[in-house]
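# Working through the structure, step by step
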Amino acid sequence: MPVRPENAYQARLLRLLRDEGPRSRAELGEAVGLSRSKVAGELDRLVELRLVESAGLAASRGGRRSSIVQLSSDIRFVAVDIGATSIDVAITTGRLEIVRRASQPLDVSQGPKAVLSEVLRIAEKLRAEETVYDLHGAGVGVPGPVSFRDGVPVSPPIMPGWHKFPVRDVVTQALGCPVLVDNDVNVMGLGERHAGLARSVDDFLFLKIGTGIGAALFVDGRCYRGVDGSAGDIGHISVDASGPPCACGNTGCLEAYFGGAALARDATSAARTGNSPFLAERLANAGQLTAADVAHAVAIGDPAAMELIRNGGRRVGQVLAGLVSFFNPGLIVIGGGVAGLGHGLLAEIRSVVYRRSLPLATSNLPIVLSELGEDAGVVGAARLISDQVFSADPSSRPYPEDRA
Ligand SMILES: [Zn+2]
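Residues numbered from 1 in each chain as written. Predicted model: local features only at pLDDT ≥ 70, side-chain atom pairs only at ≥ 80, totals over all residues. Heavy atoms only, no water.

### Observations regarding the coordination of the zinc ion
With distances of 2.0 to 2.3 Å, the protein atoms coordinating the zinc ion are His236 (ND1), Cys246 (SG), Cys248 (SG) and Cys253 (SG). One way to put it: the four donor atoms around the zinc ion meet at angles of 105 to 122 degrees, and that makes the site tetrahedral. One chain supplies every donor to the zinc ion, and in sequence these donors are spaced H-x9-C-x1-C-x4-C. Cys248 sits in the partly exposed class, given a relative accessible area of 33%. For Cys253, a relative accessible area of 1% translates into the label buried. (Donors = N, O, S within 2.8 Å, 3.2 Å for Na, K, Ca; no water. Tetrahedral: all angles 85-135°; square planar, octahedral: opposite > 155°, others 65-115°. Buried < 20%, exposed > 50% of the residue type's maximum accessible area, 1.4 Å probe, protein only.)

### Re helix H5 (residues 167-175)
For H5, every residue scored as buried is listed here: Val167, Val171 and Leu175. All buried residues of H5 lie within an arc of 40 degrees about the axis, which places them on one face of the element. Following H5 by one or two positions, Gly176 adopts a phi angle in the positive range, close to 70 degrees. (Helix = DSSP H or I, 4+ residues; strand = E, 2+ residues; numbered from the N terminus. Arc of directions from axis to C-beta.)

### Side note on the environment of Ala376
Topologically, Ala376 is positioned in helix H14 (residues 375-389). With 182 residues separating them in the primary sequence, Ala376 and His194 have C-alpha atoms 9.1 Å apart. What Ala376 contacts, discounting residues up to four positions off in sequence, is Val187, Met188, Gly191 and Glu192. (Contact = heavy atoms within 4.5 Å.)

### A closer look at helix H11 (residues 303-327)
In a regular helix each residue adds 1.5 Å, so 25 residues correspond to 36 Å; H11 covers 35 Å between its end C-alpha atoms and thus fits that length. Positive phi appears at Asn328, one or two residues downstream of H11, with a value of about 50 degrees. (Expected span 1.5 Å × (residues − 1).)

### With respect to the sheet that holds strand S3 (residues 67-71)
Read across the sheet, three strands follow the order S1-S3-S2 without closing on themselves; strand pairing throughout is antiparallel. Edge positions in the open sheet fall to strand S1 (23-24) and strand S2 (52-57), since each of these has one partner strand only. Looking at chain direction, S1 and S3 are connected through two bridges and run antiparallel. Within the sheet, the bridge partner assigned to Arg23 lies in S3 and is Val69. (Pairing = 2+ DSSP bridges.)

### Thoughts on the layout of surface pockets
By volume, the largest pocket is sized at about 920 Å³. Lining the largest pocket are 33 residues, and of these Gly210, Gly336, Gly337, Val338 and Glu374 sit closest to its centre. Looking at the lining of the largest pocket residue by residue, the classes come out as 13 nonpolar, 15 polar and five charged. Each pocket or cavity is described by its volume, and for the second largest pocket that value is around 610 Å³. For the second largest pocket, the lining is made up of 33 residues, of which Ile158, Gly212, Ile213, His236 and Glu255 are closest to its centre. Where the lining of the second largest pocket is concerned, the elements lending two or more residues are helix H6 (184-195), strand S12 (213-219), helix H7 (254-257) and helix H8 (260-272). (1 Å grid on protein atoms, 1.4 Å probe; cavity = no way out; pocket = protein on both sides within 12 Å on 5 of 7 lines; lining within 4 Å. Points joined across faces, edges and corners; volume = space filled by probe spheres on them. Nonpolar A, V, L, I, M, F, W, Y, C, P; charged D, E, K, R; others polar.)

### Structural notes on the packing of aromatic side chains
Overall, the coordinates contain two aromatic pairs when judged by the stated rule. Pairing Phe77 with Phe390 gives two aromatic rings, centres 5.8 Å apart and planes at 70 degrees, and the pair type is edge-to-face. One end of the pair, Phe77, is in strand S4 (residues 75-82); the other, Phe390, is in the segment after H14, and 313 residues separate them in sequence. For Phe77, a relative accessible area of 0% puts it in the buried group. (Phe/Tyr/Trp six-rings, centres within 6.5 Å; stacked < 30°, edge-to-face > 60°.)

Given below as structure tokens:
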């Protein structure tokens, strides 16, 4: 198994080098509050462990020039983002930069054995393309609730056959490195926290609107998962108990109104009832409609499609307004496939949230679309496992921390 830092100072140094890039020994000493000789000792040990390497000399600050160190260029993480209908696998550096990546369509409902064997096949193929590397860990996001402690999905509505399947253990055994599994929305939120618009915000909400709808909560810089790992599962908050049936068995959930499947359903009905000649033509050509067709219809100004987005945005905004009053976040980032519907949706969500939340909670609350797009999942999966690998005693900490 790969090596780990031996104490909290080493862990903190590794995270600094991951997040800030190469630094001089003097700067690192100041950042972690260690004397020159103490920080030199910790860094020398990290060099021996092949976690850190020298990167030349810093510009002179008058006295002896301090040498620059960086994370070892051989460190590699595997990052896996399993979506409802596709898988993304990437290999990243220690700084979580993507060096190799592959995506392919695959339905998660094919079950864990078929999906994970494909994930592992792609991971091995990408790994084989790397000549020199040390595999330090793998992060995996799956589209359903996860018991984070056990690394297993729990009663995931759109993942038949995955309930309590030992995803973490299977991937650990195959790759021979530490593995963490989390819900895909939490993982995307971690990606936003690492490299997206939430990089400098400690308390924020990430909202994913894709096939399903879910949120990730970040409190004081950490992902808050709740007692059982289902915090943020807001797609099943009831908007109207007499509403349409939902995949979870209830009626009138947010997800039953909006999200990929609901949008496809409503677009099909708009096409069939003659409300949208544009969607009717696409339905006739393709045999079915998806959220992407609605996005096209919105782009050409189709009134029925714009109405669908306004209604959906209003309901999402209604739920978000409640969350804002409850949680008082400093930022809301919206991502996922349906976020590609763009600014019309964003405008509707903003207007409802700003109108319905208390002024104090929204006076300083940007609501923005993700700029990471499809990279959020893999960057977040790498961040997830790197937080654990770059901590001194991961076994005693159920939640990855930002500060060692
Ligand atoms: Zn539901």
